[in-house]
Amino acid sequence: QVQLVDSGGDLVQAGGSLRLSCAASGRTFSSAMGWFRQAPGKEREFVAAIRWTSGSTLYADSVKGRFAISRDNAKGTVYLQMNSLKPEDTAVYYCAATAYGLGSSPSQYVYWGQGTQVTVSS
């Protein structure tokens, strides 16, 4: 069983920065971790993913150059550094774990955190 606890969401002005954290227990199940987001009335969308071992990353085009995903293997924690935030980044952000490697489809991720709210004001 993998348990994920995500945190770090907040209200921030446009142009600001936030760092989200996802603490994973039982992570030996997973080969990669991802961040997704869901805005009201919209489908959940992929943001970024990272492999635990190699640190290889994958990003959605909408966040490339602004967001950075990283991991601390010793702590079993994955981070999402979000810079140059825009109002359209407003959403509930979820971390997720997969055993199937890097990927952008929510369907390949088995375990999910509870979500953390990010609100970017204009």
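Please refer to the structure placed before this passage.
Undergrad: Now, about the overall build of the chain: what can you tell me, with residues and values included?
TA: Helix and strand content of the chain: zero helices and 11 strands. Along the chain, helices and strands appear, N-terminal first, in the series β-β-β-β-β-β-β-β-β-β-β. The C-alpha atoms of the chain give 13 Å as radius of gyration, which agrees with the globular expectation for 122 residues (14 Å, within 12%). If one aligns the C-alpha atoms of the chain with their principal axes, the spans along those axes are about 40 × 30 × 25 Å. Taken across its 122 residues, the chain has 44% of its residues classed as buried. Put simply, of all contacts in the chain between residues at least 6 apart along the chain, 58% involve residues at least 24 apart. A total of about 6,000 Å² of accessible surface is found on the chain, and carbon and sulfur atoms cover 46% of it. Charge separation in the chain, taken as the distance between the mean sites of 11 positive and 8 negative side-chain charges, equals 7 Å.

Undergrad: How would you sum up the state of the cysteines? Please name residues and give values.
TA: Among covalent bonds in proteins, the disulfide is the one between the sulfur atoms of two cysteines. Scanning the model with the defined rule gives one disulfide in all. One disulfide bridge connects cysteine 22 with cysteine 95, the sulfur atoms lying 2.1 Å from each other. Across the S-S bond linking cysteine 22 and cysteine 95, the dihedral sits near 60°, which makes this disulfide right-handed. Here the residue cysteine 22 occupies a position in strand E3 (residues 18-25), and cysteine 95 occupies one in strand E9 (residues 91-98), the gap between them amounting to 73 residues. Of the two residues examined, cysteine 22 and cysteine 95, each falls in the buried class.

About the criteria used
- Residues numbered from 1 in each chain as written.
- Predicted model: local features only at pLDDT ≥ 70, side-chain atom pairs only at ≥ 80, totals over all residues.
- Heavy atoms only, no water.
- Helix = DSSP H or I, 4+ residues; strand = E, 2+ residues; numbered from the N terminus.
- Rg over C-alpha atoms; globule rule 2.2 N^0.38 Å.
- Buried < 20%, exposed > 50% of the residue type's maximum accessible area, 1.4 Å probe, protein only.
- Contact = heavy atoms within 4.5 Å.
- Areas by Shrake-Rupley, 256 points an atom, 1.4 Å probe, with all protein chains shown as cover.
- Lys, Arg positive; Asp, Glu negative; His and termini not counted.
- Charge placed at Lys NZ, Arg CZ, Asp CG, Glu CD.
- Disulfide = S-S within 2.5 Å.

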